[in-house]
Amino acid sequence: MRLTEAYERAQAEFDRRVRRVGAGQWSAPTPCTAWSVRDLVGHLTAEQLWAPHLLRGETLAEVGDRYDGDVLGEDPVAAWERAARGAREAFAAPGALEGTVHTSGGPTPAEEYARQMTLDLAVHAWDLARGIAADDRLDEEVAATVYGFVAPQIDGWQGLGIFDPPVEVARDAPVQDRLVALLGRDPAR
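Residues numbered from 1 in each chain as written. Predicted model: local features only at pLDDT ≥ 70, side-chain atom pairs only at ≥ 80, totals over all residues. Heavy atoms only, no water.

Novice: Before we move on, could you go through the layout of surface pockets and cite the residues and values that matter?
Specialist: Taken as a whole, the second largest pocket spans an internal volume of roughly 190 Å³. Lining the second largest pocket, in full, are Tyr147, Pro166, Val167, Glu168, Val169, Ala170, Arg171, Arg178, Ala181 and Leu182. For the lining of the second largest pocket, the element with the most residues is helix H8 (residues 175-182), which contributes 3 residues. When the residues that make up the lining of the second largest pocket are grouped by side-chain class, the tally is 7 nonpolar, no polar and 3 charged. (1 Å grid on protein atoms, 1.4 Å probe; cavity = no way out; pocket = protein on both sides within 12 Å on 5 of 7 lines; lining within 4 Å. Points joined across faces, edges and corners; volume = space filled by probe spheres on them. Helix = DSSP H or I, 4+ residues; strand = E, 2+ residues; numbered from the N terminus. Nonpolar A, V, L, I, M, F, W, Y, C, P; charged D, E, K, R; others polar.)

Novice: Describe the packing of helix H2 (residues 37-55) against helix H5 (residues 110-131), with residues and values.
Specialist: It is at 10 Å that the axes of H2 and H5 come closest, and there the two elements cross at 165 degrees. Judged by the inter-axis angle, H2 sits roughly antiparallel to H5. Seen from above, H2 lies across H5 with left-handed handedness. Note on element contacts: H5 touches H2 through Ala110, Tyr113, Met117, Asp120, Leu121, His124, Asp127, Leu128 and Gly131, opposite Val37, Leu40, Val41, His43, Leu44, Glu47, Gln48, Trp50, Ala51, Leu54 and Leu55. In the contact of H2 with H5, the residues fall into 13 nonpolar, 4 polar and 3 charged. (Axes fitted to C-alpha atoms, helices over the stretch in contact; angles between N-to-C directions. Parallel < 35°, antiparallel > 145°, perpendicular 65-115°, else oblique. Left-handed = near helix turned anticlockwise from the far one by under 90°. Contact = heavy atoms within 4.5 Å.)

Novice: Could you give an account of the pairing of strand S2 (residues 106-109), with specific residues and numbers?
Specialist: For strand S1 (residues 100-103) and S2, the ladder comprises 4 bridges, and the chain directions are antiparallel. Following the sheet pairing, Thr100 is matched in S2 by Pro109. Here S1 hands over to S2 after 2 residues, the two strands then running antiparallel side by side. (Pairing = 2+ DSSP bridges.)

Novice: Kindly report on the nonpolar core, identifying the contributing residues and their values.
Specialist: In this structure, Phe14, Phe91 and Leu128 are the most contacted members of the largest nonpolar core, which totals 57 residues. At the level of secondary structure, the elements contributing two or more residues to this core comprise helix H1 (3-18), H2, helix H4 (76-92), H5, helix H6 (140-150) and H8. Not counting residues up to four positions away in its chain, the partners in contact with Phe91 are Thr4, Tyr7, Ala51, Leu55, Ala96, Leu97, Tyr113, Ala114 and Met117. (Core = buried A, V, L, I, M, F, W, Y, C linked by side-chain atoms within 4.5 Å. Buried < 20%, exposed > 50% of the residue type's maximum accessible area, 1.4 Å probe, protein only.)

Novice: Explain unusual backbone geometry to me, and be specific about the residues and the numbers.
Specialist: The phi dihedral of Ala133 is positive, around 55 degrees, even though this residue is not glycine. Mapped onto the elements of the fold, Ala133 is located in the loop between H5 and H6.

Novice: Tell me about H5, residues and numbers included.
Specialist: Between the first and last C-alpha of H5 there are 31 Å, a value that for 22 residues agrees with the 32 Å anticipated at 1.5 Å per step. Burial of H5 is extensive: 18 of the 22 residues sit out of reach of the surface. Where H5 terminates, the next one or two residues include Ala133, which has phi positive at roughly 55 degrees. (Expected span 1.5 Å × (residues − 1).)

Novice: Hey, could you go over the pattern of salt bridges for me, with residue numbers and the actual values?
Specialist: The final tally for this structure, using the stated rule, is 16 salt bridges. Between Arg9 and Glu141 there is a salt bridge whose closest N-O contact spans 2.9 Å. Of the two residues, Arg9 sits in helix H1 while Glu141 sits in helix H6, which places them 132 residues apart along the sequence. Assessed through its relative accessible area of 21%, Arg9 is described here as partly exposed. Overall, Glu141 belongs to the partly exposed group, its relative accessible area being 47%. For the salt bridge of Arg38 with Asp70, the shortest nitrogen-to-oxygen distance reads 2.9 Å. Placement of the pair is Arg38 in helix H2 and Asp70 in the loop between helix H3 (60-63) and H4, with a sequence separation of 32 residues. (Salt bridge = Lys/Arg side-chain N within 4 Å of Asp/Glu carboxyl O.)

Novice: Explain the environment of Pro109 to me, and be specific about the residues and the numbers.
Specialist: Within the secondary structure, Pro109 sits in strand S2. C-alpha separation for the pair Pro109 and Ala151, spaced 42 residues apart in sequence, amounts to 19 Å. With residues up to four places along the chain from it excluded, the contact list for Pro109 reads Gly99 and Thr100.

And the structure:
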C-alpha cells in the first residue's frame, strides 16, 4: 500500500469515529487514560493542523503556539473536518513526501513523518472507538501497513513515554490486535 493511501485510509478511520461521537460522549474516557474523547480528538485535530505547515518546510518556531490550547471550539466535528481536509491536501501535494520536516524530534524525513501521522490516526481511531463504545475494527490493510513499520521500531520507542509497554497477545492474533497490543493497549478489554 502506498504511504499516502495508508495515511488517507487511516484518517478516514478516525474521521468515521469522530462523526459518531454523541453529544454526551465528549467527556468519556479513552484507553489513553490522560485523555477524554474531546482531548483525543483535539490532539489529532492539532496534529492535522500542523501538517500543512511542516510539509511546506516551516519550523516549529515559525508555526509557534497558534495550535496550543483548545483547537476544537464550539463545533469539534467541523474543526476536525477542516483540519483533516487541509492535512490530506498537504500530504497529497506533489513532492510532499520528498523533503524534510521539522518536528520536536528534530529534522525528520517527510516519509517518516507521514508514517508517524498514519500510526497516530490508526491507533487513535481504535482508542476513539473504544471511548465511544463503537466498532473498533480497523481497515485490515491499514493495520498491517502500520504494524509493518511500527514493529521494527518499537524497542527504540520504549521509555520515551509515547506508548505503554506492549501487551502479550498470541502470535497468530489478528494484525489489529497485534498492533494495538504492541502499542500498550489490551485488545481484550
